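Read off the chains here:
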Amino acid sequence: MCGIFCSILLDNKRNIQNLSNELKMFLENRGPDAHDELLLNHTAGNILFSGFVLWQQGDNVQTQPVCKNEFVILFNGDLFNIEKPVSMSDTSWLADKIGECNSDEEIITLLRFLEGPHCLIIYDKRSQAIYFSRDVLGRNSLIIERSQDSLNLISTSYHNENGQLCSIELPPLGLYRLNVNDLSTCELYPWQINNEYSLQLIEALDRAMVWKTIIKGNILPTWLINQNPIFDYNFYRYAYTDECKIKLFDNLTCETQIKLAIDNLHELLCMSIAPRVTKTPPFCRICLKQRDVNSVCKHAKVCILFSGGIDCTILALLAHKYIPEDEPIELINVAFQRFSAPSTCEDIWNVPDRQTSLISVNELKRLCPHRRWNILNVNVTRCELSQMLSTHIKHLIYPLRTILDESLGCAFWFASHSEESTSRVALLGSGADELFGGYTRHRNSYKRCQGDESNRQRAVQNELDLDWQRIPARNLARDDRVIADNGKTARCPFIEENLIAYLRSLKSYQKCCFSFPEGVGDKLLLRLYGYTLGLRNVPFLKKRAIQFGSRIANKKNNASNFSDYL
């Protein structure tokens, strides 16, 4: 994961100031392997480009910014669908392609084809126009900041309380095009047809940036085109009794159509996870610092943020399939000191997610007996939490401000900060609840609907559709910022273009079934998939939000309220 920064100044009489020490530190944390800068003049002022690189692809580190013909390029991310030599980085490949573009249409055609988490900033010196975007799923962070005579685009910011900058996460709605000499209007080529939610995000952006967004033609990446459903099974046609969960799962996984749906899920999830665990240098965090390219590193290069739930346990099983067996895989579990005083010292850290992780680790050991699983238990006292939140983590969560952002941001930061960890890639189960129907609100939409069965299922489908619309603007950028601060690239195999297209083609009743109890009917298709992989206890564990499973959050607090720290 890289740290990219672009600052546009509308003032010919002065130059952009150097990065502050605080901001430079946060960007270097994201990209510790290389750094470069470029300052250019334009008609009304100047522009500073700064890139901090975390080396993940190619034989050598590609410094940034990259200059190709009349373009200056800053790129942060991974492209998983391009054909290129293994020795070549994504940044180099993309810069070459951008350098060949001669129009907006050619840039749009290029972006329509790209798949993978990324943010992109392109400056065309000929037209003095800057293009910027986040991928359609909003997996990587890009913050946009505005002052009276300047505009910043930046991976992560620094919360300065002097109030001179207005900062928001850039809505991942498409490709933005801005004339650097006139910040009063901005063109937007949307990824897809705008809906009510995206129009609200555009209005908020216009207010914050004090400009008018002009909507242009839709880009419509090919994978976004709706697919026709290919199955006609319905989980609600099957009866459930408490005594027969195993028998129910045996019967369901033998049904031809359900088995085919699971086979498709397996193929697509494997295609997602394979490059996410293999496209990384053959060195761990420690060996890379020593720069001994002739040595063979056998330390862990991949970790899984591991609560023990069905999502992360499946990721662990599939990662095992593609990582050399003589390399360990890290399972990082985080626990926070309980609010109430425990009876013994050991009970301080005996939080629900710690208990669940022990069950899941035993299953992994049974199914993968020759794999070395490095179990890293991270224990955080309330004092440590308060100190790091107030001095450091709050800047990473910024510009978000809620108690929920605080809880989740801190949980992921402390997990990825584990001092014992050698990995540079962190796998997250993010997106599984939204795509498979794992939230309580999905169950409530079914239970509280007053209509017949078709009305209830339509209510669930509507709730899943809302989650799909909100995925890009919810929490992925925040998680990217807090995890990348520890020199790790966050990769989310469930949030992958082709997998999402497939799951979106399934009806709600083909992914979840809320006539079944919690721990069975929610994310039912995913639970059945885990069952076919050999898991026998994990598929029946109830979902627990990380803020409660790790005990970082106080249930008495309203998650949507503003945090006192942020």
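Above this note sits the structure.
Here we summarise the structure given alongside this text.

1. Here's the deal with the packing of aromatic side chains
Counted according to the given criterion, the structure contains 14 aromatic pairs. Seen from their ring centres, Tyr 240 and Phe 516 are 5.4 Å apart, and the 35° between their planes marks the pair as tilted. Within this pair, whereas Tyr 240 is found in the loop between strand E13 (212-215) and helix H5 (245-254), its partner Phe 516 is found in the loop between helix H16 (497-505) and helix H17 (524-532), the two being separated by 276 residues in sequence. A ring pair is formed by Tyr 446 and Phe 514, whose centres lie 6.4 Å apart and whose planes are at 50°; its orientation type is tilted. Residue Tyr 446 is located in helix H13 (residues 440-447), and its partner Phe 514 is located in the loop between H16 and H17; the two are separated by 68 residues in the primary sequence. With respect to burial, Tyr 446 and Phe 514 carry one shared label: buried.

2. Quick word on helix H11 (residues 403-416)
For H11, spanning 14 residues, the distance from its first C-alpha to its last is 20 Å, which sits close to the expected 20 Å at 1.5 Å a residue. A large share of H11 lies buried, amounting to 13 of its 14 residues.

3. Details of the sheet that holds strand E17 (residues 425-427)
An order of E16-E15-E14-E17-E18 is seen for the five strands of this open sheet, with the pairing classed as parallel. Each of the sheet's edge strands pairs with one partner strand only, and the pair in question is strand E16 (373-380) and strand E18 (489-491). Each strand axis lies, on average, 30° off the axis of its neighbour in the sheet, ignoring direction. Note that strand E15 (residues 329-336) and E16 share eight bridges and pair parallel.

4. A short note on the sheet that holds strand E10 (residues 166-169)
Strand order across the open sheet formed by six strands is E2-E3-E1-E9-E8-E10, with antiparallel pairing between neighbours. This sheet does not close on itself; its edge strands, each paired only once, are strand E2 (34-42) and E10. Adjacent strand axes in the sheet meet at a mean angle of 10° when their direction is disregarded. As paired strands, E2 and strand E3 (residues 45-53) are joined by nine bridges and run antiparallel to one another.

5. Examining the side chain of Lys 301
Looking at where Lys 301 falls in the secondary structure, it is placed in the loop between helix H7 (285-290) and strand E14 (302-305). A relative accessible area of 6% means that Lys 301 is categorised as buried. Reaching out from Lys 301, the side chain makes a polar contact with the backbone oxygen of Cys 297 at a distance of 3.0 Å. What Lys 301 contacts, discounting residues up to four positions off in sequence, is Pro 281, Pro 282, Phe 283, Cys 284, Glu 327, Ser 423, Arg 424 and Val 425.

6. Considering the environment of Ala 239
Within the fold, Ala 239 resides in the loop between E13 and H5. The exposed category is assigned to Ala 239, whose relative accessible area is 69%. Separated by 277 residues in sequence, Ala 239 and Phe 516 have C-alpha atoms that sit 8.5 Å apart.

7. Details of unusual backbone geometry
Trans is the common state for peptide bonds, and a negative phi is the common state for residues other than glycine. A cis amide bond links Gln 64 with the next residue in sequence, Pro 65, at an omega value of 5°. Topologically, Pro 65 is positioned in the loop between E3 and strand E4 (66-68). Each neighbour pair has its own omega, and for Tyr 398 with Pro 399 the value is 15°, a cis peptide bond. Tracing the sequence through the fold places Pro 399 in the loop between helix H10 (382-397) and H11. Even without a glycine there, the phi angle at Gln 128 is positive, about 55°. Its location among the elements puts Gln 128 in the loop between strand E6 (118-124) and strand E7 (129-134). Taking the relative accessible area as the measure of exposure, Gln 128 reaches 18% and is therefore buried. Positive phi is not limited to glycine here, since Lys 523 has a value of about 50°. Within the secondary structure, Lys 523 is located in the loop between H16 and H17. Overall, Lys 523 belongs to the buried group, its relative accessible area being 3%.

8. Overview of the packing of H10 against H11
Contact pair H10 / H11: the axes reach a minimum separation of 10 Å and the direction vectors enclose 100°. With respect to each other, H10 and H11 are oriented roughly perpendicular. Residues Glu 384, Leu 385, Met 388, Leu 389, His 392, Ile 393, Leu 396 and Ile 397 of H10 lie in contact with H11, whose contacting residues are Asp 405, Glu 406, Gly 409, Cys 410, Trp 413 and Phe 414. Of the residues that constitute the contact of H10 with H11, the class distribution is nine nonpolar, two polar and three charged.

About the cut-offs
Residues numbered from 1 in each chain as written. Predicted model: local features only at pLDDT ≥ 70, side-chain atom pairs only at ≥ 80, totals over all residues. Heavy atoms only, no water. Phe/Tyr/Trp six-rings, centres within 6.5 Å; stacked < 30°, edge-to-face > 60°. Helix = DSSP H or I, 4+ residues; strand = E, 2+ residues; numbered from the N terminus. Buried < 20%, exposed > 50% of the residue type's maximum accessible area, 1.4 Å probe, protein only. Expected span 1.5 Å × (residues − 1). Pairing = 2+ DSSP bridges. Axes fitted to C-alpha atoms, helices over the stretch in contact; angles between N-to-C directions. Polar contact = N/O pair within 3.5 Å; in protein donor to acceptor, adjacent residues only side chain to side chain. Contact = heavy atoms within 4.5 Å. Parallel < 35°, antiparallel > 145°, perpendicular 65-115°, else oblique. Nonpolar A, V, L, I, M, F, W, Y, C, P; charged D, E, K, R; others polar.

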